[in-house]
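Here is how the chains run, residue by residue.
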Amino acid sequence: MRIAIISDIHGNQVALEAVLEDLHRQPAIDQLVIAGDLCLNGPRPREVLTIVQQLGCPVIKGNVDEEVVNAAPEKGRKKQSTVAWTREQIGPEGIAYLRDLPFSYRVANPNGSDALVVHANPRNLEDAIAPNASDQELERLLGGLDERIGALAFGHLHIAYQRRWRRLLLLDVASCGLPRDGDRRAAYGILSWQGSDWEGEIRRVPYDLEAVVAQIRSSGMPHPERRIKILLEAHY
């Protein structure tokens, strides 16, 4: 069994299309799951939603999807202006689609333990699972998981890593459209069941960054130079 997970697209259509092309070249995938944060902070939110919906695969909600739905009243003016622009781009149908997305998706494995896909962690949409998280923090976020789950895949942090904690393989698949771990290439992850356990793979895919920069500048989205800086620096 092989499961591909794409997370944190953030309105970057060019990166998403590059990832999907790379995925088509891989050995057979049994399940594709989109792990949230679909369209905010990128120049092509409507186009990304269209592509994702056409995939016909499970899609779960991310924290910025929730912000787009709720118009982010608790956020600052810069964030609110970008949210408002994104809501305008995707329209009422797009907002309704984001509102109805589920929190998580579980992949049943008839040959062993299941895999669970969430956006940030199994409890909420906000708390990141850091690569150096302590046992105490992992217990808080993961301690209540069903014992039949052997792998947890997620995004949110935009930093790729994998580690094992107790019975669990933790796979942060990073970000398709807005990496923050110093590697500007698009990222996604693959979980593979290898007879008795799960193994994780992070794939990096080059794409036309300058095309996205041009899209940001011509899209009319708020604060374009800030968005370009974050995209190109690929760091927090």
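Residues numbered from 1 in each chain as written. Predicted model: local features only at pLDDT ≥ 70, side-chain atom pairs only at ≥ 80, totals over all residues. Heavy atoms only, no water.

### Quick word on the sheet that holds strand E1 (residues 2–6)
Paired through their backbone hydrogen bonds, the strands of a sheet run either parallel or antiparallel.
Piece 1. The strand order E2-E1-E8-E9 describes an open sheet built from four strands, whose pairing is mixed. Every other strand in the sheet has two partners, leaving strand E2 (31–34) and strand E9 (198–205) as the edge strands with one partner each. Taken over all neighbouring pairs, the strand axes of this sheet differ in orientation by 20° on average, direction set aside.
Piece 2. Sheet topology places strand E8 (residues 186–193) next to E9; eight bridges connect them, and they run antiparallel. Each residue of the ladder has a partner; that of Ile190, found in E9, is Glu201.
Piece 3. Lying on the sheet, helix H1 (residues 13–24) is in contact with E1, E2, E8 and E9; it crosses E8 at an angle near 35°. (Pairing = 2+ DSSP bridges. Helix = DSSP H or I, 4+ residues; strand = E, 2+ residues; numbered from the N terminus. Axes fitted to C-alpha atoms, helices over the stretch in contact; angles between N-to-C directions. Contact = heavy atoms within 4.5 Å.)

### Considering the nonpolar core
Piece 1. With 46 residues, the main nonpolar core has Ile6, Ile9, Leu16, Ile34, Leu38, Leu98 and Tyr207 as its most contacted residues.
Piece 2. The dominant element in this core, judged by the number of residues it contributes, is H1, at seven residues.
Piece 3. The residues touching Leu98, leaving out its near neighbours within four places in the chain, are Leu38, Cys39, Leu49, Lys61, Asp65, Val68, Val69 and Ile90. (Core = buried A, V, L, I, M, F, W, Y, C linked by side-chain atoms within 4.5 Å. Buried < 20%, exposed > 50% of the residue type's maximum accessible area, 1.4 Å probe, protein only.)

### A look at unusual backbone geometry
Piece 1. Of note, Asp8 is a non-glycine position whose phi angle comes to about 55°, a positive value.
Piece 2. By secondary structure assignment, the location of Asp8 is in the loop between E1 and H1.
Piece 3. Given a relative accessible area of 0%, Asp8 falls into the buried group.

### What about the pairing of E8?
Piece 1. By the criterion of burial, E8 is predominantly enclosed, with eight of the eight residues buried.
Piece 2. Side chains Ala186, Tyr188, Ile190 and Ser192 project from E8 onto one buried face, and the interleaved Ala187, Gly189, Leu191 and Trp193 project onto a second face that is buried too.
Piece 3. Judged from the four bridges that link them, E1 and E8 form a sheet pairing that is antiparallel. Looking across to E8, one finds that Ile5 is bridged to Gly189.
Piece 4. Counting the residues that bridge the hairpin from E8 to E9 gives four residues, and of these Gly195 lies at a positive phi of roughly 85°.

### Here we look at the pattern of salt bridges
Piece 1. Within the structure shown, the criterion is met by 18 salt bridges.
Piece 2. In this structure, Arg106 and Asp146 form a salt bridge, with 3.2 Å as the shortest nitrogen-oxygen distance. Here Arg106, found in strand E3 (residues 105–107), pairs with Asp146, found in the loop between helix H5 (135–142) and strand E5 (149–154); they are 40 residues apart in sequence, far enough to count as distant.
Piece 3. In this structure, the salt-bridge partner of Glu233 is Lys229, at a minimum N-O distance of 3.1 Å. With Glu233 and Lys229 both in helix H7 (residues 224–233) and four residues apart, the pair spans about one turn of that helix.
Piece 4. Among the ionic contacts, a cluster of salt bridges with common partners joins Asp22, Arg25, Glu201 and Arg203. (Salt bridge = Lys/Arg side-chain N within 4 Å of Asp/Glu carboxyl O.)

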